[in-house]
Amino acid sequence: MLSIIYLVAIVAEAMSGALAAGRRNMDMFGVAVIAFVTALGGGTVRDMILGHFPIGWTQHPEYIYLVISAGLLTTLVAPHMHHLKRVFLVLDAMGLIAFSLIGCNVAREMDYPFPVIVMSGMITGICGGVVRDVLCNQVPVVFRRELYAVVSLIVCSLFLGLLELGVNVGLSTAIIFGVGLTLRLLAIWQGWKLPTFSFQKRWE
Amino acid sequence: MLSIIYLVAIVAEAMSGALAAGRRNMDMFGVAVIAFVTALGGGTVRDMILGHFPIGWTQHPEYIYLVISAGLLTTLVAPHMHHLKRVFLVLDAMGLIAFSLIGCNVAREMDYPFPVIVMSGMITGICGGVVRDVLCNQVPVVFRRELYAVVSLIVCSLFLGLLELGVNVGLSTAIIFGVGLTLRLLAIWQGWKLPTFSFQKRWE
Amino acid sequence: MLSIIYLVAIVAEAMSGALAAGRRNMDMFGVAVIAFVTALGGGTVRDMILGHFPIGWTQHPEYIYLVISAGLLTTLVAPHMHHLKRVFLVLDAMGLIAFSLIGCNVAREMDYPFPVIVMSGMITGICGGVVRDVLCNQVPVVFRRELYAVVSLIVCSLFLGLLELGVNVGLSTAIIFGVGLTLRLLAIWQGWKLPTFSFQKRWE
């Protein structure tokens, strides 16, 4: 179940990466790279930080083909994709939740302490977009967006809390997707954001 | 002793990271991330390059809480922080030295060759700020600043030299802090910089 | 043979890195760092992704001295280097091919699957320039340049194909350098590029 959502999510992320590459007028190689890092970069950064080798996608070449194909196909269908904007926002939200849970599980199996498990989930959910934005030469959008990283934080904490309480995995997953999706979609709809910190004085 | 300076230093670095995030109008999540990477990113990059797993902070969750708290608190006290500018410059200089020595020690324990030990110290001292600047979408300030990386280079080389000469660790550390602080503060005061290389011709 | 080409290539890459640093008016430390990451960053990223520790250059301190010296020397000879533009393009093309083959070999020895071996070659060939461009705060040029990454892709695939067919290593290497160099130099001469994807609509 989580695997199917994961596959759908990496395709959606790869497509959003391809659009970001298009905004920078990249060539097909650039599109493929940005699609790849957007979809699989979060897990890559997580595995490199946790020392979790071999990294996931190196053992699943089919993921490589999948996200690169999705990225390249996007260049053909892009002019029509705005009709699917809402579908994409839902897929992206589901991806965020799936990535977060998967990231938690990797760190749990390696016996990392609680806050590192939560960070592992958040890194998996968010770092693909961060690397995409760094390669596209812009400040990562996740640092200024409507509630996004916070959804990952809540999802990861809730997941660990439910496991601690002995709730079974199926029920936990259902609860978490319900809570996470509702929160993320409400945030988009209502424009909920974290408070912003502006500091323009040059003091050093 | 080095541990106490280390704790003070990561707090100071987290606070300077939070201010950088404020210059980009980031939200509280962005502030927390930039505070974290500025304070702990240098050690993270070092451990990832040396293959030194698990990475330091993953075994010290208290560091995570400390730097994130420091970053978030900074958003409250920022308007008053320019009064502390000089204190911060001293703390930052002490942090640079402490990070450098710690970085050397990690590589020494792993039996890396001499220049890699020096680079390990420099990476620990400098890479937090580099990752901060990359995430804030600017050319790393350490590549154009008054003597900074060079202080780390001198501190690391001096440290290894004194150890080689059999000077005991306490005395070495005292000498190194004396030399390093003097050099860094003189550099700020006098505006000492390395020569700059400007090359504007497009030749490729 | 490949080792000699490798040494020449890292010097050439270090020099091109130094020029990029000069375009950003960096100081001598910045020049040394950008020279280093341009020359050795590709292999570093590859080793960190494959979990291949210790990373190559940490066991060969002479490479560190070599690329940093090359970078610093470049600041002296830069005004005269445009006479050597063509030489550099050839050295850069040879470096791309040598890096690609070396990257393939590292992944082959670790028994990674076929597409990861190809990616390992491409990462080795390309990521040095990507890290250079990220540190110089620009969109990586390899995402918009005349055929470059594609040359690496073809070289890596051809190399694995020839090995599969049982062609001996010496002959394979000669064929690959012939094909790769011809293709890259033709691409520069004729301005061959991959199709570009432009997408300016803001849809999310």
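Residues numbered from 1 in each chain as written. Chains lettered and ligands numbered in written order. Predicted model: local features only at pLDDT ≥ 70, side-chain atom pairs only at ≥ 80, totals over all residues. Heavy atoms only, no water.

An unreviewed UniProt entry lists chain A under the name Glycine transporter domain-containing protein, with Acidovorax delafieldii 2AN given as the organism. Under the heading Subcellular location (unreviewed entry), UniProt records this for chain A: "Cell membrane". (UniProt positions renumbered as here; feature names shortened; annotations may be inferred.)

A. Representation of the UniProt feature "domain: Glycine transporter" (unreviewed entry) in chain A within the structure. All names here are of chain A. UniProt annotation of "domain: Glycine transporter" (unreviewed entry) refers to residues 4-77 and 90-161 when read in the numbering used here. As annotated, residues 4-77 has a helix share of 81% and a strand share of 0%, and its two end C-alpha atoms lie 23 Å apart. Secondary structure content for residues 90-161 is 76% helix and 0% strand, and the end C-alpha separation is 25 Å. (Helix = DSSP H or I, 4+ residues; strand = E, 2+ residues; numbered from the N terminus.)

B. Structural context of the interface of chain A and chain C. On the side of chain C, 35 residues touch chain A, which itself brings 40 residues to the contact. Interface area lost by chain A to chain C is led by Arg23, Asp27 and Phe29 of chain A, which between them contribute 21%. The tally of links from chain A across to chain C stands at zero salt bridges. In this structure, the connection of chain A to chain C is made through nine residue pairs in polar contact (both at pLDDT 80 or more). Those elements giving two or more residues to the side of chain A that touches chain C turn out to be helix 1 (2-23), helix 2 (28-50), helix 3 (61-77), helix 4 (85-109) and helix 5 (114-135) of chain A. Considering each element in turn, the side of chain A that touches chain C owes the most residues, nine residues, to helix 2 of chain A. (Contact = heavy atoms within 4.5 Å. Buried area = accessible area lost by both parts, 1.4 Å probe. Salt bridge = Lys/Arg side-chain N within 4 Å of Asp/Glu carboxyl O. Polar contact = N/O pair within 3.5 Å; in protein donor to acceptor, adjacent residues only side chain to side chain.)

C. Layout of the environment of Ser16 of chain B. All names here are of chain B. Looking at the secondary structure, you find Ser16 in helix 1 (residues 2-23). Classification of Ser16 by relative accessible area gives buried; the value is 8%. Taking the C-alpha atoms as reference, Ser16 lies 9.9 Å from Ala78; in sequence the two are 62 residues apart. (Buried < 20%, exposed > 50% of the residue type's maximum accessible area, 1.4 Å probe, protein only.)

D. Up close: the UniProt feature "transmembrane region" (unreviewed entry) in chain A. Residues and elements named next belong to chain A. Mapped onto this numbering, the UniProt entry annotates "transmembrane region" (unreviewed entry) at residues 63-81, 88-108, 114-135, 147-163 and 169-192. End C-alpha to end C-alpha, residues 63-81 measures 23 Å, and it is 79% helix and 0% strand. Note that residues 169-192 is 92% helix and 0% strand, and that its end C-alpha atoms are spaced 30 Å apart.

E. Fine view of the packing of helix 4 of chain A against helix 6 (residues 149-164) of chain A. Residues and elements named next belong to chain A. Remark: helix 4 packs on helix 6, axes separated minimally by 9 Å, with the N-to-C direction vectors making an angle of 50°. Relative to helix 6, the element helix 4 is oriented oblique. The handedness of the crossing between helix 4 and helix 6 comes out as right-handed. Residues Leu96, Ile97, Ser100, Leu101, Cys104, Asn105 and Arg108 of helix 4 form the contact with helix 6, whose own contacting residues are Val151, Ser152, Val155, Cys156, Phe159, Leu160 and Leu163. Looking at the contact of helix 4 with helix 6, its residues break down into ten nonpolar, three polar and one charged. (Axes fitted to C-alpha atoms, helices over the stretch in contact; angles between N-to-C directions. Parallel < 35°, antiparallel > 145°, perpendicular 65-115°, else oblique. Left-handed = near helix turned anticlockwise from the far one by under 90°. Nonpolar A, V, L, I, M, F, W, Y, C, P; charged D, E, K, R; others polar.)

F. Broad picture of helix 7 (residues 169-190) of chain C. Residue and element names in this part refer to chain C. In this model, helix 7 (22 residues) spans 31 Å end to end at C-alpha, consistent with the 32 Å of a helix rising 1.5 Å per residue. The secondary structure elements touched by the buried residues of helix 7 are helix 1 (2-23), helix 4 (85-109) and helix 6 (149-164). The N-capping residue of helix 7, defined by a side-chain oxygen 3.0 Å from the backbone nitrogen of Gly170, is Asn168. Looking at the residues trailing helix 7, positive phi occurs at Gly191, about 70°. (Expected span 1.5 Å × (residues − 1).)

G. The arrangement of helix 6 of chain A in detail. Residue and element names in this part refer to chain A. End to end, helix 6 covers 23 Å across 16 residues, agreeing with the expected 22 Å (1.5 Å per residue, within 8%). For helix 6, the complete set of buried residues consists of Ala149, Val150, Val151, Ser152, Val155, Cys156, Phe159, Leu160 and Leu162. Downstream of helix 6 by one or two residues, Gly166 has phi in the positive range, about 85°.

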